[in-house]
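Take a look at the letters that make up each chain.
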Amino acid sequence: AAGALPMLLGAGLAPFALPARAAETGAGEKVRVALIGSGGMGRGDLECFFGNPEVTCPVICDIDDAMLAKGLEVCAKHNRPKPETTKDFRRVIERANVDAVIVATPDHWHALSTVMACQAGKDVYVEKPLALTIDEGRAMVEAAKRHHRVVQMGSQWRSATHIQEAANLVKSGQ
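What comes next concerns the included structure. (Residues numbered from 1 in each chain as written. Predicted model: local features only at pLDDT ≥ 70, side-chain atom pairs only at ≥ 80, totals over all residues. Heavy atoms only, no water.)

1. What about the pattern of salt bridges?
Just so we agree on the cut-off: Salt bridges, as used here, are contacts in which a Lys or Arg side-chain nitrogen is within 4 Å of a carboxyl oxygen on Asp or Glu. Runs of H or I in DSSP of at least four residues are treated as helices and runs of E of at least two as strands, each being numbered from the N terminus. Buried, partly exposed and exposed residues are distinguished by accessible area as a fraction of the type maximum, computed with a 1.4 Å probe on protein chains only: under 20%, between the cut-offs, and over 50%, respectively.
All told, the structure shown has nine salt bridges when counted by the stated rule. For the salt bridge of Asp99 with Arg32, the shortest nitrogen-to-oxygen distance reads 2.8 Å. Here the residue Asp99 occupies a position in the loop between helix H5 (89-93) and strand E5 (100-103), and Arg32 occupies one in strand E1 (residues 31-36), the gap between them amounting to 67 residues. Exposure remark for Arg32: the relative accessible area of 29% places this residue in the partly exposed category. Put simply, Arg91 and Asp88 hold a salt bridge, and the shortest N to O gap is 2.9 Å. According to the relative accessible area criterion, Asp88 is buried, its value standing at 18%. Through salt bridges with shared partners, one network takes in Asp88, Arg90, Arg91 and Glu94.

Given below as structure tokens:
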């Protein structure tokens, strides 16, 4: 589904979306979101995406069998079809039945996974930190622009009321 991620972001996963892309996803259309990295953050992100009934997860990727099993449990808990599994993120990115990917791998894999997903025409939700170097970050931004993809980095804490209040307290000098 073209524009999958903006539609989901606009449905409550993030504070804003890109309206021009959001219009590309039709009402009632399934959005196929793959999970790359099925540890705690990846599973939590998938849980959030499943807050949208149109989301399916055709494939989960992790090198750890125990993490793959936990990812499958999330899908079962939300009454979603059992996804396929793989240990190679490249097998996820090359799939035609994936619209967007959640990248929740260890930090040093964020840039490569994101760039390759953009090149393959997938939208991306990537966990923080976005990148380990400025050059990685620039490559990710360039890939998103060049391939007309939406890339959203997870930084939920910055939007949390209690974090904003604490930041204001520190800034005030109290």
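2. Quick look at helix H7 (residues 134-146)
To keep things clear, this is the line we draw: Expected span, for any helix, means 1.5 Å times one less than how many residues it has. Directions are taken from the helix axis to each C-beta atom, and the arc is the one they span.
Given a rise of 1.5 Å per residue, 13 residues ought to cover 18 Å, and the 18 Å separating the end C-alpha atoms of H7 matches this to within 8%. Within H7, burial applies to Gly137, Met140, Ala143 and Ala144. Around the axis of H7, the buried residues are gathered within 125° of arc, so they sit on the same side. Among the exposed residues of H7, those oriented more than 90 degrees off its buried face are Ile134, Asp135, Arg138, Lys145 and Arg146. Phi for His148, located one or two positions after H7, is positive at around 55°.

3. Examining the packing of helix H3 (residues 40-49) against helix H4 (residues 65-77)
Note the threshold: Comment: axis = line fitted to C-alpha atoms, over the contacting stretch for helices; angle = value between 0 and 180 degrees taken between N-to-C directions. Orientation is classified from the angle alone, with under 35 degrees giving roughly parallel, over 145 giving roughly antiparallel, 65 to 115 giving roughly perpendicular, and any other angle giving oblique. We call a crossing left-handed when the near helix sits turned anticlockwise from the far one by less than a right angle, and right-handed when that turn is clockwise. Contact definition: two residues touch when any of their heavy atoms are within 4.5 Å. Each residue is assigned to one class: nonpolar for Ala, Val, Leu, Ile, Met, Phe, Trp, Tyr, Cys and Pro, charged for Asp, Glu, Lys and Arg, and polar for all the others, Gly among them.
At a closest axis distance of 10 Å, the pairing of H3 and H4 adopts a crossing angle of 15°. By the angle class used here, H3 and H4 are roughly parallel. As H3 runs across H4, the sense of the crossing is right-handed. Along the contact surface, H3 presents Arg43, Leu46 and Glu47, while H4 presents Met67, Lys70, Gly71, Val74, Cys75 and Lys77. Across the contact of H3 with H4, the residue classes tally to four nonpolar, one polar and four charged.

No statement about biological role is implied by the geometric values presented.
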